[in-house]
Amino acid sequence: MSKVTVFGSFVVDLMGRTPHLPVPGETVKGSMFKMGPGGKGFNQGVAAHKAGADVTMVTKLGRDTFAGVALAAMDELNMKKDKLLYSDDVETGAALIMVDENSSQNEIVVILGSCNTITDEEVESITDELKQSEFLLTQLETNVSATRKVISLAKELGVKVILNTAPVQEVEDEIYDGLYMITPNEVEAEILTGIVIDGKENADKAADWFFAKGVQNVIITLGGRGVYVATAEKREIVPAYTVKAIDTTGAGDAFNGGLVAALSEGKDIWASVDFANALAALSVQRLGTTPAMPWREEILRFMGEK
Ligand code: ATP
Ligand code: RIB
């Protein structure tokens, strides 16, 4: 099994469940509150770790109680903490998450805090770790300069870069060029390419758009419908597992963590997508983000049952 570096955000998720999402100016009596570790980078790192990957998690914490939430989770999960970065003056971030308990739709405001302050020098400080990794998995939830820097460093070192384009924002051509894989959801794919992902034909067009920018493999996640996968050889929609979702927040993170874990074991893209779909299907049946990620044994058992 090869090594994986996951570079991205940690924030504390403050999640409330509500009978309906409030309209501006409305106060709704919620039914449940849960606080726990989150952030797209951290969710993906934990998902990959619990799925069996050899993960180095790189994120930036403040020196505060919220940082303690990350450290406690990493201790409990037996994750390596030696590549964590710290800010002495900016606090750890938080995400305010509202989940509609009927539709399971969510609304999120994320305040990145310390994860918005990662310097180029801090990125350079993980060069040795990156060098040993076969894959870098990252997102767009830290300051853009850090994303740009870690991706260019990884490419220079010959590391395969997987970019999950969440939360979506414009991506420079230089970032696309040479990416091993890009994993937008359908809304992100539409915003980035200008092509509405309303079926296989348009997904093919979006894949061509990414290929023309120099991306090697394209995976567009389609929620409960599964994923669209395009490699140089084959393009297909792979269905999701049929389950009853109660909270899909972090489903994309679960998928990306599972994907990189399976790839790092040497599975091909198609087998890795199946594993990632299974991991994500388990996660959507549980509340929360990081805490919803299943262990490897559960994933394998679930796949065997299907
Ligand atoms: P989020 O932003 O909430 O983290 P996302 O929009 O990035 O999610 P989705 O495309 O909604 O990601 O979902 C990612 C993957 O999770 C899907 O490709 C699928 O494997 C799994 N998934 C999501 N919703 C369901 C569901 N209702 N049933 C089964 N699997 C699901
Ligand atoms: O993808 C889900 C994550 O996005 C949550 O954990 C929250 O922190 C937000 O940033």
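Model, not experiment: these values are computed from the prediction. (Residues numbered from 1 in each chain as written. Chains lettered and ligands numbered in written order. Predicted model: local features only at pLDDT ≥ 70, side-chain atom pairs only at ≥ 80, totals over all residues. Heavy atoms only, no water.)

A.B. asks: Pulling in residues and values, what's your account of the site of ligand 2?
C.D. replies: Asp13, Lys40, Asn43, Glu141 and Asp253 are the nearest of the 13 residues found near ligand 2. Within the side chain of Asp13, a nitrogen or oxygen atom sits 2.6 Å from an oxygen atom of ligand 2. Between ligand 2 and Glu141 there is a distance of 2.5 Å, counted from an oxygen atom to a side-chain nitrogen or oxygen. For ligand 2, whose free accessible area comes to 280 Å², the fraction covered by protein is 96%. Sorting the residues of the shell around ligand 2 by element identifies β2 (11-18), α1 (40-50) and β8 (106-113) as the ones contributing at least two each. Partitioning the shell around ligand 2 into residue classes produces 4 nonpolar, 5 polar and 4 charged. (Near = heavy atom within 4 Å. Polar contact = N/O pair within 3.5 Å; in protein donor to acceptor, adjacent residues only side chain to side chain. Areas by Shrake-Rupley, 256 points an atom, 1.4 Å probe, with all protein chains shown as cover. Helix = DSSP H or I, 4+ residues; strand = E, 2+ residues; numbered from the N terminus. Nonpolar A, V, L, I, M, F, W, Y, C, P; charged D, E, K, R; others polar.)

A.B. asks: Tell me about the site of ligand 1, residues and numbers included.
C.D. replies: Close to ligand 1 lie 18 residues, the nearest being Asn185, Thr221, Gly223, Gly226 and Asn277. Backbone polar atom of Gly226 to an oxygen atom of ligand 1: 3.0 Å apart, as the coordinates give it. Contact between ligand 1 and Ala251: an oxygen atom at 3.2 Å from a main-chain N or O atom of the residue. When ligand 1 sits alone it has 630 Å² of accessible area, and the protein chains cover 83% of it. Those elements that place two or more of their residues in the shell around ligand 1 are α9 (251-264) and α10 (269-283).

A.B. asks: Any chance you could break down the packing of α1 against α9 for me, citing the residues and the numbers?
C.D. replies: In contact at an axis separation of 7 Å, α1 and α9 are set at 45° when each is read in the N-to-C sense. Looking at the two axes, α1 sits oblique to α9. In the packing of α1 onto α9, the handedness of the crossing is right-handed. Contact residues: Lys40, Asn43, Gln44, Ala47 and Ala48 in α1; Asp253, Ala254, Asn256, Gly257, Val260 and Ala261 in α9. The class makeup of the residues in the contact of α1 with α9 is 5 nonpolar, 4 polar and 2 charged. (Axes fitted to C-alpha atoms, helices over the stretch in contact; angles between N-to-C directions. Parallel < 35°, antiparallel > 145°, perpendicular 65-115°, else oblique. Left-handed = near helix turned anticlockwise from the far one by under 90°. Contact = heavy atoms within 4.5 Å.)

A.B. asks: Residues and numbers for the sheet that holds strand β3 (residues 32-38), please.
C.D. replies: Reading across from one edge, β3-β2-β7-β8 is the order of the 4 strands in this open sheet, with mixed pairing throughout. For this open sheet the edge positions go to β3 and β8, each flanked by a neighbour on one side alone. Neighbour to neighbour, the strand axes of the sheet diverge by 15° on average, direction disregarded. Where β2 meets strand β7 (residues 92-100), 8 bridges bridge the pair, whose relative direction is parallel. What sits directly across from Leu14, in β7, is Leu96. Against the sheet, helix α2 (residues 65-77) contacts β2, β3 and β7, and its axis sits at roughly 70° relative to β3. (Pairing = 2+ DSSP bridges.)

A.B. asks: A description of the side chain of Asn202 should follow, citing residues and the corresponding values.
C.D. replies: Along the polypeptide, Asn202 turns up in helix α8 (residues 200-212). Under the relative-accessibility criterion, Asn202 is labelled buried at 18%. (Buried < 20%, exposed > 50% of the residue type's maximum accessible area, 1.4 Å probe, protein only.)

A.B. asks: I'd like to hear about α8, residue by residue, with values.
C.D. replies: When the terminal C-alpha atoms of α8 are compared, their 18 Å separation across 13 residues agrees well with the 18 Å that a helix rising 1.5 Å per residue should span. Along α8, the residues classified as buried are Asn202, Ala203, Asp204, Ala206, Ala207 and Phe210. Buried residues belonging to α8 abut α6 (173-176), β11 (181-182), α7 (186-193), β12 (218-221), β13 (227-230) and β14 (235-238). Directly after α8, the chain includes Gly214, whose backbone phi takes a positive value near 105°. (Expected span 1.5 Å × (residues − 1).)

A.B. asks: Outline the nonpolar core, listing residues and values.
C.D. replies: Among the nonpolar cores identified, the biggest contains 50 residues, and Ile219 and Val273 are the most heavily contacted of them. At 9 residues, α10 tops the list of elements feeding residues into this core. Setting aside its immediate chain neighbours within four residues, Val273 contacts Ile219, Val227, Val229, Val238, Phe255 and Leu259. In terms of nonpolar packing, the next biggest core, distinct from the first, is built from 36 residues, Ile151, Ile197, Ala207 and Ile220 among them. (Core = buried A, V, L, I, M, F, W, Y, C linked by side-chain atoms within 4.5 Å.)

A.B. asks: Explain the pairing of β12 to me, and be specific about the residues and the numbers.
C.D. replies: Residue alternation in β12 divides its side chains into two sets, Val218 and Ile220 and Ile219 and Thr221, and both sets are buried. Pairing geometry for β12 and β13, over 4 bridges, is antiparallel. Within β13, the residue paired with Ile219 across the bridge is Val229. Linkage of β12 to β13, two consecutive antiparallel strands, is achieved through a turn of 5 residues, within which Gly223 is found at a positive phi near 60°.

A.B. asks: Please give an account of the side chain of Ser114 that cites residues and values.
C.D. replies: Within the element layout of this structure, Ser114 appears in the loop between β8 and α3 (120-124). Looking at Ser114, the relative accessible area reads 0%, which means it is buried. A polar atom in the side chain of Ser114 sits 3.4 Å from the backbone nitrogen of Gly62. Setting aside anything within four residues of it in sequence, one finds Ser114 in contact with Lys60, Leu61, Gly62, Ser87, Val90, Glu91, Thr92 and Gly93.

What is shown is where atoms sit, not what they do.
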